[in-house]
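# A closer look at the structure
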Amino acid sequence: DTAVSQTPKYLVTQMGNDKSIKCEQNLGHDTMYWYKQDSKKFLKIMFSYNNKELIINETVPNRFSPKSPDKAHLNLHINSLELGDSAVYFCASSQDIRTGELFFGEGSRLTVL
Amino acid sequence: AQSVTQPDIHITVSEGASLELRCNYSYGATPYLFWYVQSPGQGLQLLLKYFSGDTLVQGIKGFEAEFKRSQSSFNLRKPSVHWSDAAEYFCAVGSNYGGSQGNLIFGKGTKLSVKP
């Protein structure tokens, strides 16, 4: 069983489209995150949710909207996709928000044409 | 502000040789420190972590790291590298208080190549 799973793994789309990436964790963790990894492998946090409540919301465009229907799921919806949104998006979860020890999914590679 | 520096972008070592990957951090208090490894096309896997106590921490796959407060460093070491260790390695620092709890700041990574 995959602990943190993301779908889809690959996503190719046109500029201006709207797309979603789904994430589920079966670890029983209360906190989930979205990280963005750019073409230079730099990882930066986008959002974190603790028990369905938004905790961290870094400076990302309003076109990005996370949604957490329950504490095991954290989805990422992106409106009006731009070329610069091309990246690998990683979902992660942690048992204890104080420590930041993260368990990552395998990533979703988004390519915007 | 917190930051993490990994001075080496790419390191190549021979199989069986020892390895040290450097990491320096900037943080106002006692940090939580991590090393993660990312194999091609994969997510990040935790190698080891330091929260407190013994400054030499052991991790998976034979890795260890030493926290040196005086040098603001948390270097990763392995005595004998295997070809399967070829990957990207990320050092990270975590905040342990306030609204930034759980926000890991990552370094830019060091790519490790292993020569046969």
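Here the structure is a predicted model, which is why all the values come from computation and not from measurement.

### Comments concerning the overall build of chain B
What chain B contains, in helices and strands, is 0 helices and 12 strands. Walking chain B from its N terminus toward its C terminus, one meets helices and strands in the order β-β-β-β-β-β-β-β-β-β-β-β. Taking the principal axes of the C-alpha coordinates as reference, chain B spans close to 45 × 30 × 25 Å. Across the 116 residues that make up chain B, the buried fraction comes to 46%. In chain B, of all internal contacts separated by at least 6 residues, the share reaching a separation of at least 24 is 55%. Roughly 5,400 Å² of accessible area belongs to chain B as shown, and the carbon and sulfur atoms make up 49% of that amount. If the 10 positive side-chain charges of chain B are averaged to one point and the 8 negative ones to another, these points end up 4 Å apart.

### Points about the overall build of chain A
Counting secondary structure elements, chain A contains 0 helices and 11 strands. Each helix (α) and strand (β) of chain A, taken in turn from the N terminus, gives the series β-β-β-β-β-β-β-β-β-β-β. Taken over C-alpha atoms, the radius of gyration comes to 13 Å for chain A, in line with the 13 Å a tight globule of 113 residues would show. Oriented by its inertia axes, the alpha-carbon framework of chain A measures out at about 40 × 30 × 25 Å. Every one of the 113 residues in chain A was classed for burial, and the buried ones make up 44%.

### As for the sheet that holds strand β8 (residues 73-78) of chain A
Residues and elements named next belong to chain A. Strand order in the open sheet made by the 4 strands is β1-β3-β8-β7, with antiparallel pairing throughout. Strands at the two margins of the open sheet, each flanked by one partner only, are β1 (4-7) and β7 (64-70). Pairs of neighbouring strands in the sheet enclose a mean axial angle of 20°, with direction left out of account. Pairing geometry for β1 and strand β3 (residues 19-25), over 4 bridges, is antiparallel.

### Some words on the layout of surface pockets
Residue and element names in this part refer to chain A. In this structure, the largest pocket encloses a volume near 300 Å³. As for the largest pocket, its lining consists of 19 residues, of which Q37, K41, A87, V88 and R109 are closest to the centre. Breaking the lining of the largest pocket down by element, the ones donating at least two residues are β9 (87-94) and β11 (108-112).

### Here we look at the pairing of strand β6 (residues 44-50) of chain B
Residue and element names in this part refer to chain B. Relative to β6, strand β5 (residues 32-38) is paired through 6 bridges, and the arrangement is antiparallel. In the strand pairing of β6, V37 is matched with Q45. Hairpin connection from β5 to β6: 5 residues lie between these consecutive antiparallel strands, with G41 at a positive phi of about 75°.

### Let's talk about the pattern of salt bridges
Two side chains bearing opposite charge may form a pair once their charged atoms approach each other closely. All names here are of chain A. Inspection of every chain in the model, using the stated rule, returns 9 salt bridges over all chains. The residue K9 makes a salt bridge to E106 at a minimum N-O spacing of 3.2 Å. Highlighted residues: K9 in the loop between β1 and β2 (10-13) and E106 in the loop between β10 (103-104) and β11, separated in sequence by 97 residues. Measuring nitrogen to oxygen at the nearest pair gives 2.7 Å for the salt bridge that ties K71 to D30.

How each quantity is defined
Residues numbered from 1 in each chain as written. Chains lettered and ligands numbered in written order. Predicted model: local features only at pLDDT ≥ 70, side-chain atom pairs only at ≥ 80, totals over all residues. Heavy atoms only, no water. Helix = DSSP H or I, 4+ residues; strand = E, 2+ residues; numbered from the N terminus. Buried < 20%, exposed > 50% of the residue type's maximum accessible area, 1.4 Å probe, protein only. Contact = heavy atoms within 4.5 Å. Areas by Shrake-Rupley, 256 points an atom, 1.4 Å probe, with all protein chains shown as cover. Lys, Arg positive; Asp, Glu negative; His and termini not counted. Charge placed at Lys NZ, Arg CZ, Asp CG, Glu CD. Rg over C-alpha atoms; globule rule 2.2 N^0.38 Å. Pairing = 2+ DSSP bridges. Axes fitted to C-alpha atoms, helices over the stretch in contact; angles between N-to-C directions. 1 Å grid on protein atoms, 1.4 Å probe; cavity = no way out; pocket = protein on both sides within 12 Å on 5 of 7 lines; lining within 4 Å. Points joined across faces, edges and corners; volume = space filled by probe spheres on them. Salt bridge = Lys/Arg side-chain N within 4 Å of Asp/Glu carboxyl O.

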